[in-house]
Amino acid sequence: MPLVSSAAFWLLASLLVGLLANQLPERWLGAGSPRATLPSPASPWCRLSRQAGPLHIRGWKRWIPDAGGALPGGVRKASLVQRDPAALRRLLLETRRAELVHWLLWPAALLTALWLPPAGVMVNLAFASLFNLPCVLVQRYNRGRLQRCLARMVC
């Protein structure tokens, strides 16, 4: 029963957080700020995304499922159809939204303490780390690449 309740919890939490994140106004995600379009060259995330990086994100990111198109109004981050600045800015915004979703889902594992014993909560914390950390890293990697692409188009 703990396995079924945990699986149901993660499905429900993911859907709820994703739906709420899709309703956030763009200004809350920093889309209007200068930092949303131009990378800080000193940022470690920019240095990480300039190359394969020590985590080799480019090599394994294709194995991460993209649920961006699963919800109404969502955007699949894996499919860049247009390469115009407006489409890139929209995709940049969606990487921020996706990262926020994964940051919010991570501590949700603590809610399992309401019905699971401590060992079950630890398993759910491990699950949350295993499934959310790679997604956060991929979104930051993609955002750095998009920012550099936009910077080249603006210059």
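Above this text is the structure in question.
As a starting point, this report considers the structure included with it.

Rules of the game
- Residues numbered from 1 in each chain as written.
- Predicted model: local features only at pLDDT ≥ 70, side-chain atom pairs only at ≥ 80, totals over all residues.
- Heavy atoms only, no water.
- Helix = DSSP H or I, 4+ residues; strand = E, 2+ residues; numbered from the N terminus.
- Buried < 20%, exposed > 50% of the residue type's maximum accessible area, 1.4 Å probe, protein only.
- Contact = heavy atoms within 4.5 Å.
- Areas by Shrake-Rupley, 256 points an atom, 1.4 Å probe, with all protein chains shown as cover.
- Salt bridge = Lys/Arg side-chain N within 4 Å of Asp/Glu carboxyl O.

Moving on, we get to the overall build of the chain. What the chain contains, in helices and strands, is five helices and zero strands. Along the chain, from the amino end to the carboxyl end, the secondary structure elements read α-α-α-α-α. Evaluated residue by residue, the chain yields a buried proportion of 37% over its 155 residues. A sequence separation of at least 24 residues applies to 75% of the contacts in the chain between residues at least 6 apart. Carbon and sulfur atoms make up 70% of the accessible area of the chain, which totals about 9,500 Å².

Attention now moves to the pattern of salt bridges. Side-chain pairing between opposite charges can occur once the charged atoms of the two side chains come close. With the rule as written, the count across this model stands at four salt bridges. Ionic pairing is found between Arg140 and Glu99, a salt bridge with its closest N-O pair at 2.5 Å. Here Arg140 is found in helix α5 (residues 118-154), whereas its partner Glu99 is found in helix α4 (residues 85-108), with 41 residues between them in sequence. Residue classification places Arg140 among the partly exposed residues on the basis of a relative accessible area of 22%. Residue Glu99 is joined to Arg143 by a salt bridge in which the shortest nitrogen-to-oxygen separation is 2.4 Å. Separated by 44 residues along the polypeptide, Glu99 in helix α4 and Arg143 in helix α5 bring together distant segments of the chain. Residue Glu99 is classed as buried on the basis of its relative accessible area, which comes to 5%. For Arg143, a relative accessible area of 11% gives the class buried.

Such coordinate-based values are descriptive only and should not be taken to indicate function.
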